[in-house]
Amino acid sequence: VQLQASGGGLVQAGESLRLSCAASGRSFSGNSMAWFRQAQGKEREFVSAIGWSEDTDYAYSDSVKGRFTISRDSGGHTLYLQMNSLKPEDTAVYYCAASRVFRTPEKMRQRYDYWGQGTQVTVSS
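Each chain carries its own residue numbering, running from 1 in the direction its sequence is written. Side-chain atom pairs in this predicted model are given and counted only at pLDDT of 80 or more, local residue features only at pLDDT of at least 70, and totals for whole chains, interfaces and linings cover all residues. Heavy atoms throughout the structure, all of them, feed into the side-chain values; hydrogens and water do not.

Caption draft 1: Seen up close, the overall build of the protein. Scanning the protein for helices and strands turns up zero helices and eleven strands. The numbering of helices and of strands both runs from the N terminus, where a helix is a DSSP run of H or I of at least 4 residues and a strand a run of E of at least 2. Tracing the protein from N to C terminus, the helices and strands come up as β-β-β-β-β-β-β-β-β-β-β. Taken over C-alpha atoms, the radius of gyration is set against a globule rule of 2.2 Å times the number of residues to the power 0.38. Against the globule reference of 14 Å for 125 residues, the protein gives a C-alpha radius of gyration of 13 Å, in line with a compact fold. Dimensions of the protein along its principal axes, counting C-alpha atoms only, are 40 × 25 × 25 Å. The buried label applies to any residue whose accessible area, calculated with a 1.4 Å probe on protein chains only, is under 20% of its type's maximum; exposed applies above 50%, and partly exposed to all values in between. Buried positions account for 43% of the 125 residues belonging to the protein. We call two residues in contact whenever any of their non-hydrogen atoms come within 4.5 Å of each other. The long-range share in the protein, meaning contacts at least 24 apart out of those at least 6 apart in sequence, stands at 60%. Under this rule, positive means Lys or Arg and negative means Asp or Glu; His and the chain ends count for nothing. Throughout, a charge is located at the NZ atom of Lys, the CZ atom of Arg, the CG atom of Asp or the CD atom of Glu. Of the side chains in the protein, 14 bear a positive and 12 a negative charge, and the two mean positions are spaced by 3 Å.

Set out below in structure tokens:
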């Protein structure tokens, strides 16, 4: 099972980026998926997660709520993160993650079993 994150880049403050995470080896239909990020010298932190229950559930960190939108394709193969109104403090390596077990949008890193390699997002002021 592999997760491949892409879509990062260098943008100016206020601009947008869309990250993608392609899963190969299995579908994550029915499983939770998430985005985390790690800025240089800091711990990896939760950004957003999407669950898979009767109604799709979402979770966002306070720092990105209202600016970022997480989504996934119906087949469970691709995860997206639309990032609008980017700020310099959003600069980080962004990682996608998927759970083998959980169906709810989990915020803890330990709840995820598969991780992508990361894609760099740099926002200049």
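On we go from here.
Caption draft 2: Broad picture of the sheet that holds strand 7 (residues 68-72). DSSP bridges decide pairing: two strands pair if at least two such bridges lie between them. Taken together, the four strands give an open sheet; going across it, the order is 1-3-8-7, and neighbouring strands pair in antiparallel fashion. The sheet is open, and its two borders are formed by strand 1 (2-6) and strand 7, each paired with just one other strand. Pairs of neighbouring strands in the sheet enclose a mean axial angle of 15°, with direction left out of account. Across five bridges, strand 1 lies against strand 3 (residues 17-24) in antiparallel orientation. When the sheet's bridge partners are listed, Leu-3 is paired in strand 3 with Ala-23. Fitting a line to C-alpha atoms yields each axis, with helices limited to the stretch in contact; the angle taken between N-to-C directions then spans 0 to 180 degrees.

Caption draft 3: Layout of the side chain of Ser-61. Tracing the chain through its elements places Ser-61 in the loop between strand 6 (58-60) and strand 7. A relative accessible area of 12% places Ser-61 in the buried class. Any N or O atom pair separated by 3.5 Å or less is treated as a polar contact, with the protein-specific requirement of one donor-capable and one acceptor-capable atom, and with residues adjacent in sequence counted only for side-chain atom pairs. Of note is the side chain of Ser-61, whose polar atom sits 3.1 Å from the side chain of Ser-63. If sequence neighbours within four positions are ignored, Ser-61 has contacts with Phe-46 and Val-47.

Caption draft 4: Highlighting the pairing of strand 5 (residues 45-50). Of all six residues in strand 5, five are buried, a share of seventy percent or more. Relative to strand 5, strand 4 (residues 33-38) runs antiparallel, the two being bridged by five bridges. Paired with Arg-37 across the bridge in strand 5 is Glu-45. Pairing of strand 5 with strand 6 involves three bridges; the strand directions are antiparallel. By the bridge assignment for strand 6, Ala-49 is matched with Ala-59.

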